[in-house]
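Observations on the model geometry
Each chain, written out:
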Amino acid sequence: MLTKENFFCDFENKWCPGCGNFQILEAMKEAFAEMDLPPEKLLIVSGIGQAGKTPHFLKCNFFHGLHGRALPVATGAKIANHELTVVVSSGDGDCYGEGGNHFISAVRRNIDITLLVHNNKVYGLTKGQASPTSDIGFRTKMQPHGVIANSFNPLAVALAFGAGFVARGFSGKKTHLNQLIRKAIAHKGFSMIDIMQPCVSFNPVNTFAWYNKRAYDLAEEDYDATDLDAAFSLSRKWGDRIPIGILYQKESPSYTDRIAHLNTGPLIDFTYEKDRVQHVIDTQ
Amino acid sequence: MSVDITVTIGGEAGQGIQTVGDLLAQVCQRAGLYVMAINDFESRIRGGHSFVQIRISDHEIFSPRNDVHLLIALDRQTVILHQGRIPDGGIILSDESFSEAEKPLMRVAFEKLAEQAGGKITANTVAAGSCLALLGAPFDNFKDVLSVRFGSKDSSVLDKNIKAAELGYQAVSKADFKWAFGWEKRAEKGVLMNGSKAIALGALAADCRFASFYPMSPATGVIRNLTAMTEGIPFVVEQAEDEIAAVNMVIGAAFAGVRSMTSTSGGGFCLMTEGLGLAGIAEIPIVIINAQRPGPATGLPTRTAQGDLLFVINASQDEFPRFVFAPRSVDEAFYATIRAFELSEKFQVPAIILTDQFLSDSVFLIREKFIAPASVSRFIAVDADLEDPKNYHRFAVTESGVSPRALPCRGTALVTSSGNEHLEDGHISEDKANRTRMVNKRNAKIAAMIAEMNGPNGYFEDAGILLIGWGSCTGAIKEAVDLLREKNVDAGCLTFSDLWPFPAEKVMDTMGKAKKCVTVELNSAAQFKLLLRQQTGINCAGSILKYDGRPLFPQDIIEQINDFI
C-alpha cells in the first residue's frame, strides 16, 4: 500500500508560504497513494505559472513545458501510450488564457486525461495581473480601474463542449479534493477539476475565508450529477454560495477508444514491420 | 529525333485540370517515357487560372521548361497567358467557343463532345484525348489508364470517360502536330511520385506513428498522403486546433516514445517556433516538415519559394542544436525524411525538412524504387541499460552531450523533463554554473552532428563558373549546366541538401579550388550566399535570384548567367 510519503521529493519548494497550492499538492499525493498509483506509473504534464511547477514538488514522471501548452503535450503523450495515467497541472492563466483554445479542444477530443486547474483568479508568477477568471472590477496594478472583460467560466465552457467530468474543488477542503481527484482519474475520458484557491500574495479579495464561507458540497444536497441542464445552471452560480463537487459526469468513448488500432494496444507497443511498409511503398 | 516536349493544360480551378495532368502523366509513364509535371494554381477552389505543365521526354529530365509546344486551353485566359511561350510549330488546342489567338489555334468542341459522351464533366477527358491524339499516342494506352483511374467507380463513369476520350481523339484525327512522336513500346522507367508523397512514405519507413497538423498549403499534401496510406496501419493522424497544438502534441508523443512529426508552411512554422525551442531544451526528437511558400504572413499560399532558409536555421529564441535538410529531389525527400527521424533520435534534437511547393506538388518520375530500411534503431534506454534506474537523470552530462533516453512509465526510471533550464535530473535550476554546463552539454552534440552531414554534390565542379544551389532548385540548375555546356560555357554546379549544422569542412574541401561561384536561389536576399560566407568565408561572385513565386526554370539561369561570364 502506498502512502503520500512515496511521493516525497526533496526538491526545494518555491511557492509562497500559505499558498493554496500546498493543499492541492497534498491532496494529489494522497489521492495517488490511495489509488495505488506509484510514481513510475504516473505522468504529470504542466505548463507555466506557479501551478506549472507542481510536478517538481512530488515524485513522478513529468514534462514541464510551455505556457498554455500542457494539454497538447499531454494529448500527444496519451495518444502515444494510452496506458499512461496522465494528469495535467495548470493554472487559470495557463489553461484558460494562454491555452484557452487547447482547453476547448481537449474537452472536444474527450482525451482520457485529468486536468487540475489551480484557479486563484490572478496571475501569481508574473506578480499580480488579472487572469481570465478575475471578476469584473477586480483591481490590480495593471488594471487600476478594475477588470473590464467578463470573467471566463471554465465549468460552463467545459459543459458546453461536451466534457464528461466537470467538477469544482477547493484547496481549503483537502479531503474533498482528494476524493474528487480520485474520481476524476478513474473517469474514462476527459476530466477536469477547477480548483478554487487563494493567492496570499496578489488576490486580497478571494481569500481563504472568502471561499470557505461560500463553498458548499453538492454531495450534501439532493443533486443529480447526470442532469446536464442542472449542471449548466449550477455552473453559473457564483456569489454567496459556490457549489463544489462533481457538477456533471457521463462517460462516453474517449479519443483513444475511438481509434480502431489502439484497441489492440498502445501505439508505442507496435513494432516496425519492414514488409508492411514496403508493401505500402510498392502499392502507391 | 529525340522527344522533349512540354504540354500545358490551363483553365479555371474546378475544371479538372489536375485530372487531365495526372492522366497524361500516367499514359506517358506507362509508355516508358520520362515525364515531370508542375501544378500551378491559385488559392481558390473555383475560377481563376490554374495550369498543369507536363514535360515529356525520352531522356531523363529533372526540371520544367519554359517552351510550351502544345497548349490545351479550357478557358480563354489560358490562351492569353501562355501563347507567348509557344514556339513555331506549336498549337493551341481550345474549345470552339474561343475566337482569336496569336498562335495556330485548333478548335475542338470539348463541352459539346462531353455532353455527347454523357456529361459536361468529361470535357477534361475530351481534351486529354485530343492532346494524346496529337502526340500520336495509341488510343488503347489512354483507355488503359482511364480503366485504372475510373475502374473502381460505377461502370457508367468509366464508359462516359472512354466515350469522351474517343470523341476527343476523333476530333483531331486528321490534324498534324510537329512534335508528334513514335509510341513504340519502351520499358517503364520508373513510377510517378510527388514530394509530399515521398515524404509521407519516408515517415512511414522511419517508423513514424503519429502526425499532428493544422491544414496549410502546400504542407497538407504530406498529411493527406499519410492518412490515405496508413488506413489499416497503426498510425494516428490528428488535426490540431492550431500549429502550436500540433507541435506540442508531437513533442508529447515523442516524449512518450513514439516517432512523431508535423507538417506546415512558413506561417505555421512561425507558430511552432516556441515548441521548436522546447524540443531543443527538453531534448525531444521531433521532425517538422516546412513546405515553403512565399511570405511573409499569408504571402502567396499556393506558390513556391526558398525564403525560409535563414529563418528555420535560427528559429526560436536563444541557441540549441537542430538538423535542417532540404531534399533536392523526390528520391531524396524519401531518404532525407528517414534520416531526419533517425538523426533526430540519435542526437535528441529537432529535425526540420525544408521543402517547398514546387517539390511537394510536382510530379516526378523516380527511377529506383524506394526501399524501406530493414530495421529501425531507436536509441532508447530501458532499465536494464541503466546503471541505477532509480537514480536516473534524464539530462545526465556526458562527453557527447547525448544522455541515455528513457521513456516515462516504461520502467522504474522516472523521466523528469523541463523546458525551464534544468539540472541533470530535470528539475528547474537558476544556478549560473549549471546553466553554462547545460548549454555546453547541448552544444557538445554539434561536432558529431556535423560529421553526419553530407557535403554538396558536384556536377562539373571544376568548371570555371560554378552554380551553387540547394534543395529543389537542383534539377533546374543541373539542366542549366547541360545547356550552358552545349553552348561551350564552362559551367558546373554544387548542390546542397544537408544545410544545418553546416558541414563547413566538407564544403571547403569541395569548393577550395572553385573559381567563380554564383548561388541560384528562390529568395531576394541570397540567403545561401550569406550562409556560405558566414560559415566558410567563401565569397560568391553573385547570385541568380527569383522570387516571383514560380519554380526555377533552366532558362532563368541561362538568361542571367551572362552577368557573370
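Points about the overall build of chain B
From N to C terminus, chain B includes 19 helices and 21 strands. For chain B, whose C-alpha radius of gyration is 26 Å, the value lies close to the compact-globule estimate of 24 Å for 565 residues. Oriented by its inertia axes, the alpha-carbon framework of chain B measures out at about 85 × 60 × 40 Å.

Details of the overall build of chain A
Each helix and strand in chain A was counted, giving 9 helices and 8 strands. Scaling as 2.2 N^0.38, a compact globule of 284 residues should have a C-alpha radius of gyration of about 19 Å, and chain A matches this with 20 Å. Its C-alpha atoms give chain A principal-axis dimensions of roughly 65 × 45 × 40 Å. A buried classification covers 54% of the 284 residues belonging to chain A. Intrachain contacts of chain A at a sequence separation of at least 6 include 73% that bridge at least 24 residues.

Side note on the pairing of strand E8 (residues 242-249) of chain A
Residues and elements named next belong to chain A. Along E8, 6 of the 8 residues are buried, which leaves the element largely enclosed by surrounding structure. Where strand E5 (residues 165-170) lies against E8, 4 bridges are found, and the strand directions are antiparallel. Residue Arg-168 lies in a different strand from E8, and its bridge partner there is Gly-245. Two strands pair when backbone bridges link them, and strand E7 (residues 215-217) and E8 are joined in this way by 3 bridges, in the parallel orientation.

Overview of the pairing of strand E4 (residues 70-73) of chain B
The two faces of E4 of chain B match: Leu-70 and Ile-72 of chain B on one face and Leu-71 and Ala-73 of chain B on the other face are all buried. Between the parallel pair E4 of chain B and strand E5 (residues 91-95) of chain B, the chain is carried across by helix H2 (residues 76-82) of chain B, and the sense of this crossover is right-handed.

Some thoughts on the interface of chain A and chain B
Of the residues lining the interface, 41 residues belong to chain A; the matching set on chain B comes to 49 residues. By residue number, the principal contributor to the side of chain A that touches chain B is helix H2 (residues 70-80) of chain A, which donates 8 residues. Looking at the side of chain A that touches chain B residue by residue, the class counts come to 22 nonpolar, 13 polar and 6 charged. In this structure, strand E2 (residues 61-64) of chain A lies alongside strand E15 (residues 416-418) of chain B, joined through 3 bridges in parallel fashion. Bridge assignment links Phe-62 of chain A to a residue of E15 of chain B, and that residue is Thr-416 of chain B.

Side note on the sheet that holds strand E21 (residues 542-545) of chain B
Residue and element names in this part refer to chain B. What the 5 strands build is an open sheet, ordered E16-E18-E17-E20-E21; its pairing is mixed. Since the sheet does not close on itself, it has two edges, and those belong to strand E16 (457-459) and E21, each with one partner. Across the sheet, the mean angle separating the axes of adjacent strands is 25° when strand polarity is ignored. Strand direction decides the pairing type here: strand E17 (residues 465-470) and strand E20 (residues 516-521), joined by 4 bridges, are parallel.

With respect to the packing of helix H16 (residues 474-486) of chain B against helix H19 (residues 554-561) of chain B
Residue and element names in this part refer to chain B. Here H16 crosses H19 at 55°, and the two axes come no closer than 8 Å. Considered as vectors, H16 and H19 are oriented oblique to each other. The handedness of the crossing between H16 and H19 comes out as right-handed. Contact residues: Ala-476, Ile-477, Glu-479, Ala-480, Leu-483 and Leu-484 in H16; Pro-554, Ile-557, Ile-558 and Ile-561 in H19.

A look at the domain arrangement of chain B
With domains assigned, chain B is organised as domain 1 (4-190), domain 2 (193-365), domain 3 (380-452) and domain 4 (454-564). On a C-alpha basis, the centres of domain 1 of chain B and domain 3 of chain B stand 58 Å from each other.

Focus on the sheet that holds strand E19 (residues 498-500) of chain B
Residues and elements named next belong to chain B. Taken together, 7 strands build an open sheet; the order of strands is E9-E8-E10-E11-E13-E12-E19 and the sheet is mixed. Across the chains shown, the open sheet's two edge strands, defined by having one partner strand only, are strand E9 (236-239) and E19. Recorded for the sheet is a direction-independent mean angle of 20° between the axes of neighbouring strands. By the bridge criterion, 6 bridges tie strand E11 (residues 287-292) to strand E13 (residues 351-356) in an arrangement that is parallel. From the neighbouring strand, Ala-291 faces E13, where its bridge partner is Thr-355. Packed onto the sheet, helix H12 (residues 330-347) meets E11, strand E12 (323-325) and E13 and runs at close to 160° relative to E13.

Quick word on unusual backbone geometry
A cis geometry characterises the amide bond from Ser-217 of chain B onward to Pro-218 of chain B, with omega recorded as -5°. Positionally, Pro-218 of chain B belongs in the loop between strand E8 (210-213) and helix H8 (220-229). Residue Pro-501 of chain B is reached from Trp-500 of chain B by a cis peptide bond, and omega for that bond is 0°. On the secondary structure map, Pro-501 of chain B appears in the loop between E19 and helix H17 (504-511). Even without being a glycine, Lys-121 of chain A presents a positive backbone phi close to 60°. Residue position: Lys-121 of chain A is located in the loop between strand E4 (114-119) and helix H5 (154-160). The exposure class assigned to Lys-121 of chain A is buried, which follows from the 24 C-beta atoms found within 10 Å. In this structure, Asp-207 of chain B is a non-glycine residue whose phi angle is positive, near 65°. As for its position among the elements, Asp-207 of chain B is in the loop between helix H7 (195-205) and E8.

Quick look at the confidence of the model for chain B
Confidence in the prediction of chain B, expressed as mean pLDDT, is 96, and 100% of residues score 70 or more. Scored as a complex, the prediction yields pTM 0.97 and ipTM 0.98.

Things to note about the nonpolar core
Formed by 249 residues in total, the largest nonpolar core has its most connected members in Ala-77 and Val-166 of chain A together with Cys-131 and Leu-467 of chain B. Other than its neighbours up to four places away in sequence, Val-166 of chain A contacts Leu-155, Ala-158, Leu-159, Met-192, Ala-231, Leu-247 and Tyr-248 of chain A. Ranked by size, the runner-up nonpolar core spans 6 residues in total, among them Val-122, Tyr-123, Val-147 and Phe-202 of chain A.

Examining the environment of Lys-213 of chain A
Mapped onto the elements of the fold, Lys-213 of chain A is located in helix H7 (residues 208-214). In this structure the C-alpha to C-alpha distance between Lys-213 of chain A and Arg-241 of chain A, which are 28 residues apart in sequence, comes to 8.0 Å.

Observations concerning the packing of helix H1 (residues 17-30) of chain B against helix H5 (residues 139-150) of chain B
Residues and elements named next belong to chain B. Running from N to C, H1 and H5 point in directions that differ by 120°, and their axes come no closer than 9 Å. The orientation of H1 relative to H5 falls into the category oblique. Note on packing geometry: the crossing formed by H1 with H5 is right-handed. Of the residues in H5, those touching H1 at Leu-23, Gln-26, Val-27 and Arg-30 are Asn-141, Phe-142, Asp-144, Val-145 and Arg-149. Partitioned by chemical class, the residues of the contact of H1 with H5 number 4 nonpolar, 2 polar and 3 charged.

What counts and how
Residues numbered from 1 in each chain as written. Chains lettered and ligands numbered in written order. Predicted model: local features only at pLDDT ≥ 70, side-chain atom pairs only at ≥ 80, totals over all residues. Helix = DSSP H or I, 4+ residues; strand = E, 2+ residues; numbered from the N terminus. Rg over C-alpha atoms; globule rule 2.2 N^0.38 Å. Buried ≥ 20, exposed ≤ 12 C-beta atoms within 10 Å, placed from the backbone. Contact = placed C-beta atoms within 7 Å. Pairing = 2+ DSSP bridges. Right-handed = clockwise from strand over helix to strand, strands pointing away. Nonpolar A, V, L, I, M, F, W, Y, C, P; charged D, E, K, R; others polar. Axes fitted to C-alpha atoms, helices over the stretch in contact; angles between N-to-C directions. Parallel < 35°, antiparallel > 145°, perpendicular 65-115°, else oblique. Left-handed = near helix turned anticlockwise from the far one by under 90°. Domains from an automatic or database assignment. pLDDT = per-residue confidence, 0-100. Core = buried A, V, L, I, M, F, W, Y, C linked by C-beta atoms within 7 Å.

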